[in-house]
Amino acid sequence: MTTDTTPHAVVEFWNQAGPTHWFAKNEAFDKRFRETFYTAHFQAARRELEAWAAQPEGALALLLLLDQYPRNAFRGTAHMFATDPLARFYARKVIEAQLDQQIETALRGFCYLPFEHSEDADDQRLSLELHEKLNPQDIRWAKEHADIIERFGRFPHRNDVLGRVSTEEERAFLAAGGFAG
């Protein structure tokens, strides 16, 4: 396991993985991601990598470690969502400092995903606004997330791992093939 990770190493790993791995369930990729950046994820969670947020590549790396990494490394557990509030905190700072504008378009959306992953309606509105500016033709997923939050006030597919009781409507939504993460 890496203990001396750089922002470049995180971004390069993610960039090389590419879209085929970014949103797919792949045990081998998840394992490699988990083992490569396990220590860095927990350093980010303890805010020990906060200095990274001062420049674009570091800010992106921090967001990847706090938002994307746990979704892969801890798939199927509550820890998938444990660092979401911190990811949103840094994502706001990135946007306020306009560091997102200095990140290549193909990766910029990862600065906005913490808002898309939020169960807060205001965060969902911000996600839609940011994704619309980034690529209006590719707003489908942000819209789908926002619609689920508008309908349920939370993501029903998270209920089991978070120990929440699903409503009848949520169970029906999931049984009918509704978004399951």
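Residues numbered from 1 in each chain as written. Predicted model: local features only at pLDDT ≥ 70, side-chain atom pairs only at ≥ 80, totals over all residues. Heavy atoms only, no water.

**Some remarks on the overall build of the protein**
Along the backbone of the protein there are 11 helices and 0 strands. Along the chain direction, N to C, the helices and strands of the protein fall in the order α-α-α-α-α-α-α-α-α-α-α. For 181 residues, the compact-globule estimate of 2.2 N^0.38 gives 16 Å, and the C-alpha radius of gyration of the protein, at 16 Å, lies within 12% of that figure. Overall size of the protein, expressed as C-alpha extent along the three principal axes, is 45 × 35 × 30 Å. Classification of the 181 residues of the protein by burial places 46% in the buried group. Of the contacts formed within the protein by residues at least 6 apart in sequence, a portion of 60% connects residues at least 24 apart. For the protein, the exposed surface amounts to about 9,200 Å²; the carbon and sulfur share of it is 51%. (Helix = DSSP H or I, 4+ residues; strand = E, 2+ residues; numbered from the N terminus. Rg over C-alpha atoms; globule rule 2.2 N^0.38 Å. Buried < 20%, exposed > 50% of the residue type's maximum accessible area, 1.4 Å probe, protein only. Contact = heavy atoms within 4.5 Å. Areas by Shrake-Rupley, 256 points an atom, 1.4 Å probe, with all protein chains shown as cover.)

**Points about the packing of aromatic side chains**
One pass over the structure, following the stated rule, counts 19 aromatic pairs. Centroid distance phenylalanine 13 to phenylalanine 29: 5.7 Å. Interplanar angle 20°. Geometry classified as stacked. Remark: phenylalanine 29 occurs in helix H3 (residues 27–45) and phenylalanine 13 occurs in helix H1 (residues 7–17); sequence separation between them is 16 residues. The same class applies to phenylalanine 13 and to phenylalanine 29, which are both buried. (Phe/Tyr/Trp six-rings, centres within 6.5 Å; stacked < 30°, edge-to-face > 60°.)

**Overview of the confidence of the model for the protein**
Taken residue by residue, the protein gives an average pLDDT of 95. The fraction at 70 or more is 98%. Per-element confidence in the protein ranges from a low mean pLDDT of 92 for helix H2 (residues 19–22) to a high of 98 for helix H5 (residues 84–96). (pLDDT = per-residue confidence, 0-100.)

**Quick look at the nonpolar core**
Formed by 38 residues in total, the largest nonpolar core has its most connected members in Trp14, Leu60, Leu65, Leu107 and Phe110. Elements that contribute at least two residues to this core include exactly H1, H3, helix H4 (56–73), H5 and helix H7 (113–116). Among the elements that line this core, the one with the most residues is H4, at 10 residues. The residues touching leucine 107, leaving out its near neighbours within four places in the chain, are Val11, Trp14, Asn15, Trp22 and Leu60. Ile148, Ile149, Phe152 and Phe179 belong to the second-largest nonpolar core, a separate cluster that totals 6 residues. (Core = buried A, V, L, I, M, F, W, Y, C linked by side-chain atoms within 4.5 Å.)

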